[in-house]
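Remarks on the overall topology
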Amino acid sequence: MSKKIVLLPGDGIGPEIVAEAVKVLEVVDKKHKLGLKFEEELIGGSAIDVHGVPLASSTLEKCQAADAVLMGSVGGPKWDTLDSSIRPEKGLLKIRYEMGLFGNLRPAILYPQLADASSLKPELVAGLDILIVRELTGGIYFGEPRGIRLLDNGERQGYNTYVYAEHEIERIGRMAFEMAMKRNKKVCSVDKANVLEATVLWREVVQSLSREYPEVELSHMYVDNAAMQLVRQPKQFDVIVTGNMFGDILSDTAAMLTGSIGMLPSASLNKDKRGLYEPVHGSAPDIAGQGIANPLATILSAAMMLRYSLDQGEAADAIEAAVGKVLDDGYRSADIFSEGCTKVSTKEMGDAVVAAI
Ligand code: NAD
């Protein structure tokens, strides 16, 4: 049976890096007989230029009917002055919302070959492999009421609401436990239960869910301590599960441990495990069109897509192993280049991964 993949290259370096990921997918498709069918659509600034909106309804419908969506990145100076209602980023927020993508998976993996790229000592980070599971559609970013109001004394007051219903905590918790079962069977749930009632409930729900996963070792950690531990001894973590705001901050911290943003993939999944897969980085307008962007984050996002939405773990392993081999062989794009390695273009990096597969 064929599997439908919608490609949304987007803006800036998006089309260059997605092209390399497609090349890699085509090779594993042939080798592992996956039956992938690709359809390409517009998102972000390129969609605004053609359709007048950052995500056309017809594109959204195709994404909702697909098995998975692989995206490049959106945005760029060309569209920065547009009205905020039709900015490129709105297309991304809309697709996340409409597809119900509540679970954001952000692996922070540091290939031992790149340990020098981290700002931490190599021995602290070499071989790092953390998965941050962030709740993406709830919490304080969406809670009502919110706004800026005028107080009786004439002073303005800003306010937001940190809310999580039990079902929201349970479904993201379940995603984290399921992921841990496929990894090292450890979940650390991050909250601020000493101060925020909403996270007292978070802790309770995660704790009771853990009874369904007796093999998984569950721990709880306050977010301030988690931030500290991430830079003190990051390898103590396997899966971290947390709410939207804490996840936003911790996943960027974890990303930086790895040194290069050009290496980091991500996935956003809904309850049917359909998902949107994209590199963590943006559209890098400063290097767009030069053929020097690192395509590995997008290639690794494609591997996540095979693993989580298409249940093709072996094919995903093959891509990840090929990336390891390419790094072993000393190939580096400009962003991860160091003395003694071979500097390659976007296309040459894609070709090297294809050859390694
Ligand atoms: P960015 O991630 O695009 O770039 C930050 C720096 O990292 C730049 O110097 C860039 O050249 C470099 N970089 C990023 N990806 C790289 C890669 N694959 N290979 C080599 N170097 C790479 O972040 P920014 O400059 O803050 O944002 C640029 C645009 O991207 C903005 O319009 C922003 O809104 C958008 N953005 C989009 C997404 C997304 O689509 N999910 C995420 C973040 C930013």
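All residue numbers refer to positions counted from 1 along the written sequence of the respective chain. With pLDDT at 70 or above as the cut-off, local features in this predicted model cover only qualifying residues; side-chain atom pairs require 80 or more to be listed or tallied, and sums for whole chains, interfaces and linings still use all residues. Derived side-chain values reflect all non-hydrogen atoms in the structure, with water molecules and hydrogen atoms excluded from consideration.

Here we come to unusual backbone geometry. With omega at 0°, the peptide bond leading from Glu144 into Pro145 counts as cis. Relative to the helices and strands, Pro145 resides in the loop between β5 (129–135) and β6 (147–150). Phi at Lys33 is positive, roughly 50°, even though this residue is not glycine. Runs of E in the DSSP output that reach at least two residues are strands. Runs of H or I that reach at least four are helices, and both are numbered from the N terminus. Within the secondary structure layout, Lys33 lies in the loop between α1 (14–32) and β2 (36–40). Residue Lys33 is classed as exposed on the basis of its relative accessible area of 72%. Of note in this structure, Lys273 is not a glycine but carries a positive phi near 65°. Assignment of secondary structure puts Lys273 in the loop between β11 (265–269) and β12 (275–279). Judged by its relative accessible area of 33%, Lys273 falls in the partly exposed class. Here's how the labels work: a residue is buried when its accessible area is under 20% of the maximum for its type, exposed when over 50%, partly exposed in between, all with a 1.4 Å probe on protein chains only.

So, on to the sheet that holds β12. Strand order across the open sheet formed by 10 strands is β2-β1-β3-β12-β11-β4-β5-β10-β8-β9, with mixed pairing between neighbours. Each end of this open sheet is capped by a strand with a single partner; those strands are β2 and β9 (217–222). Averaged over all pairs of adjacent strands, the angle between strand axes in this sheet comes to 20°, irrespective of strand direction. Pairing between β5 and strand β10 (residues 239–242): 4 bridges, direction parallel. Pairs of strands are assigned from DSSP output, requiring at least two bridges between the strands. What counts as an axis is a line fitted to C-alpha atoms, over the stretch in contact for a helix, and the angles between N-to-C directions run from 0 to 180 degrees.

Let us now look at the UniProt feature "binding site: Mg(2+)" (unreviewed entry) in the protein. According to UniProt, the positions carrying the feature "binding site: Mg(2+)" (unreviewed entry) are Asp224, Asp248 and Asp252. The subset of these annotated residues that lines the largest pocket comprises Asp248 and Asp252. Throughout, a contact is declared for two residues whenever any of their heavy atoms are within 4.5 Å. What Asp248 contacts, discounting residues up to four positions off in sequence, is Arg134 and Tyr141. Counting of polar contacts relies on pairs of N or O atoms within 3.5 Å, with two restrictions inside protein: one atom must be capable of donating a hydrogen and the other of accepting it, and residues adjacent in sequence are counted only when both atoms are side-chain atoms. There is a polar contact of 2.8 Å between the side chain of Asp248 and the side chain of Tyr141. Assignment of secondary structure puts Asp252 in helix α9 (residues 244–257). Judged by relative accessible area, Asp252 falls into the partly exposed class, the value being 40%. UniProt positions are given in the numbering used here, feature names are shortened, and annotations may be inferred rather than shown by experiment. The way it works is a 1 Å grid over only the protein atoms, where trapped points that fit a 1.4 Å probe form a cavity and open points with protein on both sides within 12 Å along at least five of seven lines form a pocket, and then any residue with an atom within 4 Å of a point lines it.

Here we come to the layout of surface pockets. Grid points are joined across faces, edges and corners, and a volume is the space filled by probe spheres set on the points. Its boundaries defined by the atoms lining it, the largest pocket holds a volume of some 630 Å³. Residue lining of the largest pocket: 28 residues in total, with Leu92, Arg96, Arg134, Leu136 and Glu278 positioned closest to the centre. Looking at the lining of the largest pocket, you find at least three residues from each of domain 1 (1–106 + 264–357) and domain 2 (129–257). By volume, the second largest pocket is sized at about 340 Å³. Residue ranges labeled as domains rest on an automatic or database domain assignment.

Here we take up the packing of aromatic side chains. The geometry of an aromatic ring pair is captured by two quantities: the separation of the ring centres and the angle between the planes. Aromatic rings from Phe, Tyr and Trp, taking only the six-membered ring of Trp, are treated as a pair when their centres fall within 6.5 Å; an angle between ring planes under 30 degrees marks them as stacked, one over 60 as edge-to-face, and anything in between as tilted. Taken as a whole and judged by the stated rule, the model has 4 aromatic pairs. The rings of Tyr162, Tyr164, Trp202 and Phe246 are connected pair by pair, giving a single aromatic cluster. Two conditions define a charge sitting above a ring: the NZ of Lys or the CZ of Arg must be within 6 Å of the ring centre, and it must be within 35 degrees of the ring normal. Sitting over the ring of Tyr159, Arg149 keeps its end group 3.7 Å from the ring centre. Across the ring face of Phe337, the terminal group of Lys343 is positioned such that the distance to the ring centre comes to 5.0 Å.

Only a single heavy atom is needed: when it lies within 4 Å of a molecule or strand, its residue is near that molecule or strand. Lining the immediate surroundings of the ligand are 21 residues, of which Glu89, Gly282, Ala284, Asp286 and Asn294 lie closest. Here an oxygen atom of the ligand and a backbone polar atom of Gly76 are 3.2 Å apart. The separation between a nitrogen atom of the ligand and a polar side-chain atom of His281 is 3.1 Å. Values of accessible area rely on a 1.4 Å probe in the Shrake-Rupley scheme; residue burial ignores everything except the protein chains shown. The protein chains hide 67% of the 810 Å² of surface that the ligand would expose on its own. Across the shell around the ligand, the residue classes tally to 9 nonpolar, 8 polar and 4 charged. Each residue gets one of three labels, nonpolar for Ala, Val, Leu, Ile, Met, Phe, Trp, Tyr, Cys and Pro, charged for Asp, Glu, Lys and Arg, and polar for the others, Gly among them.

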